[in-house]
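So the chains spell out like this:
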Amino acid sequence: EPEVTQTPSHQVTQMGQEVILRCVPISNHLYFYWYRQILGQKVEFLVSFYNNEISEKSEIFDDQFSVERPDGSNFTLKIRSTKLEDSAMYFCASSEALAINEQFFGPGTRLTVL
Amino acid sequence: KNEVEQSPQNLTAQEGEFITINCSYSVGISALHWLQQHPGGGIVSLFMLSSGKKKHGRLIATINIQEKHSSLHITASHPRDSAVYICAGGWRGAQKLVFGQGTRLTINP
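A quick note: this is a predicted structure, and the numbers were derived from the prediction, not measured.

Draft legend 1. Local environment of the overall build of chain A. A count of helices and strands for chain A gives zero helices and eleven strands. Counting from the amino terminus, helix and strand elements in chain A follow one another as β-β-β-β-β-β-β-β-β-β-β. Taken over C-alpha atoms, the radius of gyration comes to 13 Å for chain A, in line with the 13 Å a tight globule of 114 residues would show. Summarising its shape, the C-alpha atoms of chain A cover approximately 35 × 30 × 30 Å along the three principal directions. Counting the 114 residues in chain A, one finds 46% classified as buried. Considering only intrachain contacts with a sequence separation of at least 6, the fraction spanning at least 24 residues in chain A is 55%. By element, 46% of the accessible surface of chain A is carried by carbon and sulfur atoms, the whole surface being about 5,700 Å². Mean positive and mean negative side-chain charge positions of chain A (9 and 15 charges, respectively) differ by 6 Å.

See below:
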């Protein structure tokens, strides 16, 4: 069964460093998403991506964040200069169509900023 | 503002009990998703529904559009059902899912 994969499963970094989180969405899906979950809190939407551009983003997704689909299979989230409060579980998701259709989630990357 | 609220936040039951988790949402939803989050953190989609009822094994999800309410039921609960169950809403014209805070379910043997 097709699935969304994410690497790494756990990333530890120093404050101020850049990190790139990687995702491989399901191959025939057209919409890609990043969500995050700070420990003990709700899952929050960060950004959606369609047709090689950002289609919607939340107020969390500021200039420190960027997304890219560099090669037609990977979908990446970059945090330019990490802060302590960026420590969270980051989930990638993909769907055939908009959120009214089913989204498939990856296993998540746990980011720890020291 | 699109919102999703779940209850209860925590639920502990004995093996075999019938479980109900509730979700209410703001007007205009197009689809309601039920998700399961494992202790390790991974999220699995259980159901997506916009009307009526869906069943998969021991899990049943219902939605009442007029009352803006959905329920997830587990029949003959088992310790392996212990997880966090999350409802999330999708609204027409929006790209994102809006998540509830989750219900932590613990089934004791």
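Draft legend 2. The arrangement of the sheet that holds strand 7 (residues 65-68) of chain A in detail. Residue and element names in this part refer to chain A. Here four strands make up an open sheet; going across it, the order is 1-3-8-7 and the pairing antiparallel. Every other strand in the sheet has two partners, leaving strand 1 (5-7) and strand 7 as the edge strands with one partner each. Across this sheet, the average inter-strand angle for adjacent strands is 20 degrees, counted without regard to direction. Bridge count between strand 7 and strand 8 (residues 75-79): four bridges; the pairing is antiparallel. In the strand pairing of strand 8, Phe65 is matched with Ile79.

Draft legend 3. View of the interface of chain A and chain B. Contact residues are listed per partner, giving 22 residues for chain A and 23 residues for chain B. Where chain A meets chain B, there are zero salt bridges. In this structure, the connection of chain A to chain B is made through three residue pairs in polar contact (both at pLDDT 80 or more). At the level of elements, strand 4 (31-37), strand 5 (43-50), strand 6 (53-57) and strand 9 (88-95) of chain A are the ones that each hand at least two residues to the side of chain A that touches chain B. Counting residues per element, the side of chain A that touches chain B draws most heavily on strand 4 of chain A, at four residues.

Draft legend 4. A look at the environment of B:Pro79. Residue and element names in this part refer to chain B. Note on placement: Pro79 falls in the loop between strand 8 (69-74) and strand 9 (83-91). The exposure class of Pro79 is partly exposed, given its relative accessible area of 26%. In this structure Pro79 touches Glu15, Ile107, Asn108 and Pro109, once residues within four positions along its chain are discounted.

Draft legend 5. A look at the layout of surface pockets. Space inside the largest pocket adds up to approximately 530 Å³. As for the largest pocket, its lining consists of 27 residues, and the residues nearest its centre are A:Gln37, A:Gly40, B:Gln37, B:Val84 and B:Arg104. Mapped onto the lining of the largest pocket, the elements with two or more residues apiece are strand 9 of chain A together with strand 9 and strand 11 (103-108) of chain B. Of all the elements, strand 11 of chain B adds the most residues to the lining of the largest pocket, at four residues. If you add up the space inside the second largest pocket, you get close to 440 Å³. Lining of the second largest pocket is provided by 17 residues; of these, A:Glu59, B:Lys1, B:Asn2, B:Lys96 and B:Val98 occupy positions nearest its centre. Listing elements by their share of the lining of the second largest pocket, those giving two or more residues are strand 5 of chain A together with strand 1 (4-7) and strand 10 (97-99) of chain B.

Conventions we followed
Residues numbered from 1 in each chain as written. Chains lettered and ligands numbered in written order. Predicted model: local features only at pLDDT ≥ 70, side-chain atom pairs only at ≥ 80, totals over all residues. Heavy atoms only, no water. Helix = DSSP H or I, 4+ residues; strand = E, 2+ residues; numbered from the N terminus. Rg over C-alpha atoms; globule rule 2.2 N^0.38 Å. Buried < 20%, exposed > 50% of the residue type's maximum accessible area, 1.4 Å probe, protein only. Contact = heavy atoms within 4.5 Å. Areas by Shrake-Rupley, 256 points an atom, 1.4 Å probe, with all protein chains shown as cover. Lys, Arg positive; Asp, Glu negative; His and termini not counted. Charge placed at Lys NZ, Arg CZ, Asp CG, Glu CD. Pairing = 2+ DSSP bridges. Axes fitted to C-alpha atoms, helices over the stretch in contact; angles between N-to-C directions. Salt bridge = Lys/Arg side-chain N within 4 Å of Asp/Glu carboxyl O. Polar contact = N/O pair within 3.5 Å; in protein donor to acceptor, adjacent residues only side chain to side chain. 1 Å grid on protein atoms, 1.4 Å probe; cavity = no way out; pocket = protein on both sides within 12 Å on 5 of 7 lines; lining within 4 Å. Points joined across faces, edges and corners; volume = space filled by probe spheres on them.

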